[in-house]
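# Summary of the model geometry
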Amino acid sequence: MQGGWQVGIDTGGTFTDLVAVRGEEQRIAKVPSTPAAFDQGVLDSITAAGIEVSEIEMIAHGTTVATNAVITQRGAPTALLTTRGFRDVLELRRHNRGDPYDIQWDPPPPLVARRNRFEITERLDYAGDVVTPLDAEQVRTAARLAARRGIRTFAIAFLHSYVNPVHEAQAAEIVAAEVPGAFISTSGELLREPPEFERTSTTVLNAYLAPVVSDYLTALESRLRGAGFAGRLYVMHSGGGLLTVKSASRFPARLLTSGPAAGAKAAEGVAASTGVAGGVVAAGVLASAEGLVDIGGTSADIAVVQGGRADIVHEFSPRFGQPARFPAIDLVTIGAGGGSIAWVDAGHLPHVGPQSAGADPGPAAYLAGGTDATVTDANLVAGRLVADVDLAGGITLDTAAARRAVGTFAEELGLSVEDAALGVIDICNNNMARSIRVVTVERGLDPRNFTLVPFGGAGPLMAAELADVLGIRRIVVPLAPGVTSGLGCLYVDITHDISEALICELADADRARLQEVFDRLAAAMRQRLSDDGVAAERQRLEYSIDLRYLGQVRALTLELETGAVSERFTEEYRELFFGEYERQFHSVAVDIPVEIAALRVRGVRRSERPHIPFSGSTSPLHTIERPVLTRGGEVTARVAERSRLHIGSRLAGPLVLTQEDSTTWVPPHWEVEVDKLGNLQMARSE
Amino acid sequence: MTGTPPLADVDRVGLTLLYKRVRNICDEMAFAMMRTAYSPIFSEGLDFSTLVLDRRGRLIATAGINPAMLGASLYAATWIIREVGPENFAEGDVFVHNDPYRGGSHLPEHMMVTPVYRDGELAAFVGNIAHLAEIGGMAPGSFAATATDIFQEGLRIPPTKLFDRGEPVRDVWRIMLANHRTPNNSWGDLHAMLGSLRVGERRVGDLIAERGIDGLNESFEQILDYAEAYMRSEILSLPDGIYTGEDCMEDDGISDRPYWIRSRIIVEGDELIFDYSRSDEQAVGPINAPYVVTLSASLNGLLYVLARDVPVNAGIVRPIKVVAPAGTITCVRLPGPCVGGQTEFQPRIMELVLGQILSQILPERAAAASGNTSLNFLFGGVDPRNGEYYAHYHFEGMGWGGRATSDGNSAQIVPHANCRNTPVEIFETKWPWVHEEYCLNDNTAGAGRHRGGLGVRRVLEVAGDVITVSALSERMKRSPWGLFGGREGSRTRLEVAAAGGEEYETFQDAFGLVSPSKFTNIRLRRGDRVRITSPSGGGYGDPLERDPARVLNDVELGFVSRGSAESVYGVVIAGGSATGDSGQDGSGGGDGAAGDPAVDEAATAELRRVMRDGVA
Amino acid sequence: MAWHELDKSWHDTTVDYCDVCGNLLIARYWSFVEPVGGETRRCCDESCERLFHRLRRIEESAPGS
């Protein structure tokens, strides 16, 4: 398939974005998502891009399916098998609350109702030795009873299984035999670490999501194959890596922030290719195209990229008290974007969002039945969106409808339509700014040192005035901002992580035993990568070891250069540990013994970052003039098609740049330059 | 409530940025502590706080982890610095202190503080407070519930140099470690505290490099002013008046009598006084509060309903006075014992302030009583697996009280703290106990329109030859109260079954103790089992007003029995199994022939009418 | 009506309390003479003298509350 298309497709709650690259050719498309069956939107996007399915070599797919299922509590009915006496682990949580001063907080309801949590007589001790053998009959009874209740999905999480998963494996076998076709997730397979609550929660989330994700991916793949697709299909995981359909179906809890992670990866790409601000960039993923269907449409995701990489956290909780312990890109999500609805509260104060008109009916200007004023309507009234340009997905905008909707809102406040429109834009920007402060100021980072990378259809429209609120002086608008998450899908590698607990003092560790564990993990990892269709020569294994001072509870994970355990490993590992300990904690004690806690192997398939071709226009730039509302009064702005700009073109605001998937608003005090990659580099003029 | 008050001529954004950055330094210090800890009480329980203070020793920010340490955070470091004198500090000095008469909360909580210098000039301080699991005294775990003076509670350390210009003061270390039962553990945890200080020192050093010593301290002053102004505007929004309430500690472990806490809150304009001067004299046993504990509880009660976003620092105390005369249970006089003041007395006052007094002004933000005990269970012994001595201080989650708009949460830590539990897997790895059960305690929640949350039941078996256990708890004689017609929650239970036996009896009966909730040094042997049952929360509002569908749901989940549904809530449920239990035998309804359980609307309406009017 | 040094020997590890609020006295204290009875009070801060009078005033206007 030399020369086939590399396609990134991100399905959000509202729109499905596509970016495709083949040699010097590139295509983009943006179509409405199809929540009833998201796979339809994926196929629609391929059709809209004008690509032959049979010519696609690879699809990397970000999807909101998992997030949607958790938020709307529409995962599969799931049974949980626990050690006898511990069915409430899921509900006991860790006893703490997210904000110590919020006594009104409610924990999330457990995903497995209590009656479907089955206690099984079995027990291991802390060392993983069997104290009470598994009662197979009880497993059988529980499986049958669950099946009778219509349950086909099982999570199995026993105490101390992270040391020894033997009982979980036996129970899984019994359930599989008893309930043919059941999906079974065991905690030892997902996460070889304590403690029991986090491991159980991860396992339950995984099982709960499995049928939904698996059904979706199976349907998608089969429709693609039916349409002649002969390439490889990958799914984006929360940590910013790719999984095969098979792996994603087995580890669906890894997909919880699949789509937003793609946006963050694209931000990394933009940061790397433009080298902005010493490689430090705040990516405001202002995606009018992102969102959660049942919240009703539009949300924005915000990530921080520092040193070229998005921050990673080791746990993602859809809600506090519901952790999924897998690596995830650190994101903040806010209900703000093009579809956000403007409304007036009982005290006559105006608000924007978080309710959204979504894709259906969408903003009033879409003429699809929406009557609420949205951010998009306000921008149209303010003259920053241009009605006579077709948007992606064949949507056209109706200015009169937008004025009517904003007018209703204006009347409630006793404002003119114009002032109301500007007010909606201001409020939305301030909401966004507050969330950006959460990921910058709250972490002691000064947003004024960051570059804003706006994504999504509405991002570049709002970015400059949002930057003004935050004191940000530089903006980079990517080539195709409306489909950036689709682009991000093309920027990632296949990655897997496995580990095994091995607890012994480093000084007493047996080299052969360490080597044996590493070899076993490596073999398992190679198998996993091979299962993913990664050829042996493209497989790269990364080894690491968890070390701590004897007696400490937590360990540091240290990356090793090789999985070959040398004769001097004791000294080597000690030095690595001391070095990292000193770096993180500024203190080190050389006279306390060091203990090994676990060994880890990560498997990676390296892929090339795609080259996105850009040549710029050579024909002369045509502009028209039109009035645009600003806080400083009405100004006359030039309107141009972005695709007509030349590399190196420098233009001063006020300026409106249109393109198929987005519109960029350059206010009077900003100027813009087109770089050789096609990005718009915007800077505040003094 | 009013929003943020105006502060003239101040760069508000710059100030917010600086404050958040200092908060972030505290978070980083906390992270270092958690990651390098030896005791699960740090790494899992997060029973510590980290502090950044200005050059005069005033608290500027603290990591928002454990509200229980608020009082000590506000005063302990300040007082050390004042007692020693800022001029007597030198670069590289680290002071340690755990004296409850000098700003500490109780002996196990150790504070460390170190000055930050730039070019030889004092610029700021960083500090932390952490609960060491074992510090000697009459009972392993250092929670001597039968202590009658401070000397039985462990080693008391007034402000003392642990490092002198960067060099460890070995004599002090040796005295401390010689008096702790688990010196290796103390050594490790004290180093976790030191590492956390180093992180703070570096980060604050960066700030000083950027802003200069004077510039930074001027900004700190503005942050304090801002917090003060914020608190004043919140207090101003409360109606002026004198509001009163009282509650008690049920006994002090020494004699069977309650100790009463009587509180008045006086609101006058933008200032507020907490007056405890009418409270009982200090107790013989260790339930007394040092001044900072009473202060902490008072402020926390307030902060749970007011000023949600206020920067928690020395500025918030300026418009507030706490009157707790020495010699009362609210301000212990040396050498009165006080280890339980922090864990039992503090939540009692906090909920007295929040649930009984502020509920008179702000009923929609108040809550009924939670289980309101830390349920301290202490143990120590020699671990047969490695021959080493160990000790641990264990606390338990409980039910919280019902609220105006929702039920109380189940299995939450005592409200004045925000510690996490020690997971079973960590517990069994560290200490020779085996858990038989760890679950919600059904059918106990205080009934109400919004019921209380459920407590927790834990059953564990001794897996060492001998384990010495102690307890310091409350709510065994008096139940958590309901609010606005809500019913009481259930009480704490501490029970034991001898090896091989099935019958549980209370520790009090089994060992002939004065107090059921406070005892020390009971020796248990291999195979003995302990059953800890934590209290549930009180209800909020009349149970007869509870939505029958929610009662049905509780019955289906097994939280409320069918019997209680009828006798307490007046809800008649038809169909399903008779037990209403959610068990795995298939009796939970929906599987059997009886059909899904459902509310019998007509019977319920009639039953509720009879219960209300008392006429059949 | 003045600040005084709290003169304690270095080997005296006892503590002193504010007569009005119960707070700790450190290094120095504020003293004032009660108008009724003429007793001398030691307190942690000047503001405690005002607090003393305020509490007395409240007591007089609403006894027993």
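## Let's talk about the overall build of chain B
Of the regular secondary structure elements, chain B holds 13 helices and 22 strands. For 616 residues, the compact-globule formula gives about 25 Å, and the C-alpha radius of gyration of chain B, at 25 Å, lands near that figure. Each principal axis of the C-alpha atoms in chain B carries an extent, and together these give about 80 × 60 × 45 Å. Across the 616 residues of chain B, 67% fall into the buried class. Sequence-distant contacts, at least 24 apart, represent 73% of the contacts inside chain B between residues at least 6 apart.

## Overview of the nonpolar core
In terms of nonpolar packing, the biggest core is built from 236 residues, with Tyr573 and Ile596 of chain A together with Phe42 of chain B touching the most fellow members. The contact partners of phenylalanine 42 of chain B, leaving out residues within four places of it in the chain, are Met33, Met34, Ala37, Asp47, Phe48, Ala130, His131, Leu132, Asp189, Ala192 and Met193 of chain B. Formed by 69 residues, the second largest nonpolar core is a distinct cluster that contains Val304, Tyr366, Ala433 and Leu629 of chain A.

## A closer look at the packing of helix H16 (residues 569-585) of chain A against helix H5 (residues 183-211) of chain B
Between H16 of chain A and H5 of chain B, the least distance of the axes is 9 Å, while the angle of their chain directions is 55°. As summarised for this structure, H16 of chain A and H5 of chain B are arranged oblique, according to the angle between their axes. Packed against H16 of chain A, whose contacting residues are Glu582, Gln584 and Phe585 of chain A, the element H5 of chain B presents Gly195, Arg198, Val199 and Arg202 of chain B at the interface. Of the residues belonging to the contact of H16 of chain A with H5 of chain B, the class tally is 2 nonpolar, 2 polar and 3 charged.

## Notes on the interface of chain B and chain A
In this complex, chain B contributes 80 residues to the contact, which on the side of chain A involves 62 residues. Interface area, chain B with chain A, both sides summed: about 6300 Å², of which 49% is carbon and sulfur. In this assembly, chain B and chain A are joined by 5 salt bridges. A salt bridge links arginine 87 of chain A to aspartate 442 of chain B; the nearest nitrogen and oxygen atoms lie 4.0 Å apart. Between chain B and chain A we count 29 residue pairs in polar contact (both at pLDDT 80 or more) in total. Of all the elements in the fold, those that place two or more residues in the side of chain B that touches chain A are helix H1 (12-36), helix H2 (40-43), H5, helix H7 (291-303), helix H9 (424-430) and strand S14 (433-440) of chain B.

## Topic: the domain arrangement of chain A
Annotation of chain A at the domain level lists domain 1 (71-213), domain 2 (494-605) and domain 3 (624-684). Computed from C-alpha coordinates alone, the two centres of domain 2 of chain A and domain 3 of chain A are separated by 52 Å.

## A few points about the packing of aromatic side chains
A ring pair, where both rings are aromatic, is described by two values, the distance of the centres and the angle of the planes. On inspection of all chains with the given rule, the structure shows 30 aromatic pairs over all chains. A connected cluster of aromatic rings, assembled from ring pairs, spans Phe377, Phe379, Tyr389, Tyr390, Phe427, Trp431 and Trp433 of chain B. A cation over a ring is seen here: arginine 458 of chain B above tyrosine 438 of chain B, with NZ or CZ 4.2 Å from the ring centre. Cation over ring: arginine 28 of chain C sits above tryptophan 3 of chain C, and NZ or CZ is 3.9 Å from the ring centre.

## Details of the pattern of salt bridges
With the rule as written, the count across this model stands at 92 salt bridges over all chains. As a salt-bridge pair, arginine 140 of chain A and glutamate 137 of chain A come within 2.8 Å of each other at their nearest N and O atoms. Here the residue arginine 140 of chain A and the residue glutamate 137 of chain A both occupy positions in helix H4 (residues 136-148), the gap between them amounting to 3 residues, near one helical turn. Note that aspartate 164 of chain B and lysine 161 of chain B form a salt bridge whose closest N and O atoms lie 3.6 Å from each other. Residue aspartate 164 of chain B is classed as partly exposed on the basis of its relative accessible area of 32%.

## Focus: the packing of H7 of chain B against helix H8 (residues 339-357) of chain B
All names here are of chain B. The N-to-C vectors of H7 and H8 enclose an angle of 40°; their axes lie 8 Å apart at closest approach. Read as a crossing pair, H7 and H8 show a hand that is right-handed. In this structure, H7 uses Val293, Thr294, Ser296, Ala297, Ser298, Asn300, Gly301 and Leu302 to contact H8, whose residues at the interface are Gly341, Gln342, Phe345, Gln346, Ile349, Met350, Val353 and Leu354.

## Observations concerning unusual backbone geometry
A cis amide bond links glycine 653 of chain A with the next residue in sequence, proline 654 of chain A, at an omega value of 5°. Looking at the secondary structure, you find proline 654 of chain A in the loop between strand S29 (650-652) and strand S30 (655-659). Residue proline 335 of chain B is bonded to the preceding leucine 334 of chain B through a cis peptide linkage, with omega at 0°. Inspection of the secondary structure assignment puts proline 335 of chain B in the loop between strand S11 (320-323) and H8. Although it is not a glycine, arginine 165 of chain B adopts a positive phi angle of roughly 45°. Tracing the backbone shows arginine 165 of chain B in the loop between strand S6 (160-164) and strand S7 (167-168). You will see that phenylalanine 484 of chain B, though not glycine, has its phi angle at about 50°, which is positive. Here phenylalanine 484 of chain B lies in the loop between strand S16 (466-472) and strand S17 (493-497).

## Focus: the sheet that holds strand S19 (residues 518-525) of chain B
Residue and element names in this part refer to chain B. The 4 strands are arranged S13-S12-S16-S19 in an open sheet whose pairing can be described as antiparallel. What marks the edges here is a single partner per strand, and that holds for strand S13 (389-394) and S19. In this sheet, adjacent strand axes meet at a mean angle of 15° when their direction is disregarded. Bridge analysis of strand S12 (residues 376-382) against S13 gives 6 bridges, and the strand direction is antiparallel. Following the sheet pairing, leucine 378 is matched in S13 by tyrosine 393. Strand contacts of H8: S12, S13 and S16, with the helix running at about 55° to S16, the strand carrying the most contacts.

## Quick look at the environment of serine 185 of chain A
All names here are of chain A. Checked against the element boundaries, serine 185 lands in strand S10 (residues 183-186). For the pair serine 185 and alanine 210, spaced 25 residues apart in sequence, the C-alpha separation works out to 8.8 Å. Other than its neighbours up to four places away in sequence, serine 185 contacts Phe154, Ala155, Ile156, Leu190, Thr203, Asn206 and Ala207.

## Some points on the interface of chain C and chain B
Taken together, the contacts link 22 residues of chain C with 27 residues of chain B. At the boundary of chain C with chain B, total buried surface from both sides reaches about 2100 Å², with 57% on carbon and sulfur atoms. For the pair chain C and chain B, the interface holds 5 salt bridges. Arginine 54 of chain C is the salt-bridge partner of glutamate 268 of chain B, the closest N and O atoms lying 2.8 Å from each other. Here chain C is connected to chain B by 9 residue pairs in polar contact (both at pLDDT 80 or more). Counting residues per element, the side of chain C that touches chain B draws most heavily on helix H1 (residues 46-61) of chain C, at 8 residues.

What counts and what doesn't
Residues numbered from 1 in each chain as written. Chains lettered and ligands numbered in written order. Predicted model: local features only at pLDDT ≥ 70, side-chain atom pairs only at ≥ 80, totals over all residues. Heavy atoms only, no water. Helix = DSSP H or I, 4+ residues; strand = E, 2+ residues; numbered from the N terminus. Rg over C-alpha atoms; globule rule 2.2 N^0.38 Å. Buried < 20%, exposed > 50% of the residue type's maximum accessible area, 1.4 Å probe, protein only. Contact = heavy atoms within 4.5 Å. Core = buried A, V, L, I, M, F, W, Y, C linked by side-chain atoms within 4.5 Å. Axes fitted to C-alpha atoms, helices over the stretch in contact; angles between N-to-C directions. Parallel < 35°, antiparallel > 145°, perpendicular 65-115°, else oblique. Nonpolar A, V, L, I, M, F, W, Y, C, P; charged D, E, K, R; others polar. Buried area = accessible area lost by both parts, 1.4 Å probe. Salt bridge = Lys/Arg side-chain N within 4 Å of Asp/Glu carboxyl O. Polar contact = N/O pair within 3.5 Å; in protein donor to acceptor, adjacent residues only side chain to side chain. Domains from an automatic or database assignment. Phe/Tyr/Trp six-rings, centres within 6.5 Å; stacked < 30°, edge-to-face > 60°. Lys NZ or Arg CZ within 6 Å of the ring centre and 35° of its normal. Left-handed = near helix turned anticlockwise from the far one by under 90°. Pairing = 2+ DSSP bridges.

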